[in-house]
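One letter stands for each residue in the lines below.
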Amino acid sequence: MAKKNRYQVELTGDTLNLNTLLPELAQPNSSETASLTLANTPSPSFSFFSHAQAAPSPNATIMARPVITSATIENKAYDLTHWGDIEFSLNLALNKLLYKELEINNVKLTALNNPKSLNIDRLEGQILNGNFSLPTVISTSIVPAHISMNVTMNNIPLQPLLRVFDQPENFSGLISAKGHLEGAGYNHNAFLNSWQGTLDTSLSEFKMLGLNIPQVIQQSIAQTTDQVVYPEDIENYTKADSVIAQFKLAPKGRVTLNQLDAQASAYQISGQGQLDLQRHNLDVMLMVNIKKVGVKRMNLFAN
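Residues numbered from 1 in each chain as written. Predicted model: local features only at pLDDT ≥ 70, side-chain atom pairs only at ≥ 80, totals over all residues. Heavy atoms only, no water.

1. Re the side chain of Ser172
Thinking step 1. Mapped onto the fold, Ser172 is located in strand S12 (residues 171–184).
Thinking step 2. Excluding residues within four positions of it along the chain, Ser172 makes contact with Leu158, Gln159, Glu205, Phe206 and Lys207. (Helix = DSSP H or I, 4+ residues; strand = E, 2+ residues; numbered from the N terminus. Contact = heavy atoms within 4.5 Å.)

What follows is the structure, given as structure tokens:
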């Protein structure tokens, strides 16, 4: 049996705009530069993506625009079996990565492609003052390709993440999370249909727009008792100093919310419920403790 060639790829650059590489995100007047260095490269050409061909000379340095074809992205079967034809290691370093409206800084990626899987041992970056790490294994020998990802996030702004994943932007704050996600496929539709996993999260500077839960409780108390309650906060949002919760993702974008605990100076909220990421529905039961006037239980339904 002939020995397979192994490629060593070093890719560095200042700015890479994914909106110019992914057809569904294409935007005009954008550009990116990258420096590609390959070592120990033999003469035969290979197919890295469906239509990207390369036959570099040994130790060549190539200034090139990376190619990702729509055939790979739009393939509903998520077939990456042709990646098993080559073996390569990849080191990527970017000062800035743009995806939709999200700017990711200091991106580092280290990966090794084997006949059956692409092992991404290091995938990390920074978003504003927060950072993340997403080591991932992509099983390329099966169709559809299966993704297994460990998630670590520290103080990532929540609202830009919601915007990127086309979710309602009613929530803001800084999110930290740790957990594991996996599923078949590797785009937005695949995530909402087939992925599953668990995330333990905490948020600081949390704000939920459109509903002031303590005010609703205080109004309810005033209506059922002779007490006259003067709400301290009349804003159209609920805020908390800290929030912790566990999210369990199931196929079809169904999320179970457990162990919710939100702490603020004037109240404490605990609860559990269900989220539907496909329909943008939220159905939760909350126990709200208004620290100065007592406790009230209620159901909240949000769309």
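2. Observations concerning the pattern of salt bridges
Thinking step 1. What the rule picks out here adds up to six salt bridges.
Thinking step 2. As a salt-bridge pair, Arg6 and Glu87 come within 2.7 Å of each other at their nearest N and O atoms. Of this pair, Arg6 sits in strand S1 (residues 6–17) while Glu87 sits in strand S6 (residues 87–99); the two residues are 81 residues apart in sequence, bridging distant segments of the chain.
Thinking step 3. Exposure remark for Arg6: the relative accessible area of 36% places this residue in the partly exposed category.
Thinking step 4. The shortest N-O distance in the salt bridge between Arg163 and Glu101 comes to 3.9 Å. Placement of Arg163 in helix H2 (residues 158–164) and of Glu101 in the loop between S6 and strand S7 (102–113) is noted, with a sequence separation of 62 residues between them.
Thinking step 5. Owing to a relative accessible area of 64%, Glu101 belongs among the exposed residues under this scheme.
Thinking step 6. Look at the salt bridges and you will find they share partners, linking Glu101, Arg163 and Glu169 into a network. (Salt bridge = Lys/Arg side-chain N within 4 Å of Asp/Glu carboxyl O. Buried < 20%, exposed > 50% of the residue type's maximum accessible area, 1.4 Å probe, protein only.)

3. Some words on the pairing of strand S9 (residues 130–133)
As a general feature of sheets, a regular strand has side chains that alternate between the two faces.
Thinking step 1. Because side chains alternate across S9, one face comprises the buried residues Gly130 and Phe132, and the other comprises Asn131 and Ser133, none of which is buried.
Thinking step 2. Note that strand S8 (residues 117–127) and S9 share four bridges and pair antiparallel. Residue pairing across strands places Glu124 opposite Ser133, the latter belonging to S9.
Thinking step 3. If you look at the hairpin formed by S8 and S9, you'll find two residues sitting between the two strands, and Leu128 has a positive phi there, around 50°.
Thinking step 4. The sheet contact formed by S9 and strand S11 (residues 146–157) spans three bridges and is antiparallel. (Pairing = 2+ DSSP bridges.)

4. With respect to the packing of aromatic side chains
Thinking step 1. Applying the stated rule across the entire model yields four aromatic pairs.
Thinking step 2. Aromatic pair Tyr78 and Tyr186: ring centres 5.0 Å apart, planes at 75°, arrangement edge-to-face. With Tyr78 in the loop between helix H1 (70–74) and S6 and Tyr186 in the loop between S12 and helix H3 (188–194), the pair connects residues that are 108 residues apart, well separated along the chain.
Thinking step 3. Judged by centre distance (5.6 Å) and plane angle (50°), the ring pair of Phe191 and Trp195 falls under tilted.
Thinking step 4. Looking at Phe191, the relative accessible area reads 22%, which means it is partly exposed.
Thinking step 5. The rings of Phe165, Phe191 and Trp195 are connected pair by pair, giving a single aromatic cluster. (Phe/Tyr/Trp six-rings, centres within 6.5 Å; stacked < 30°, edge-to-face > 60°.)

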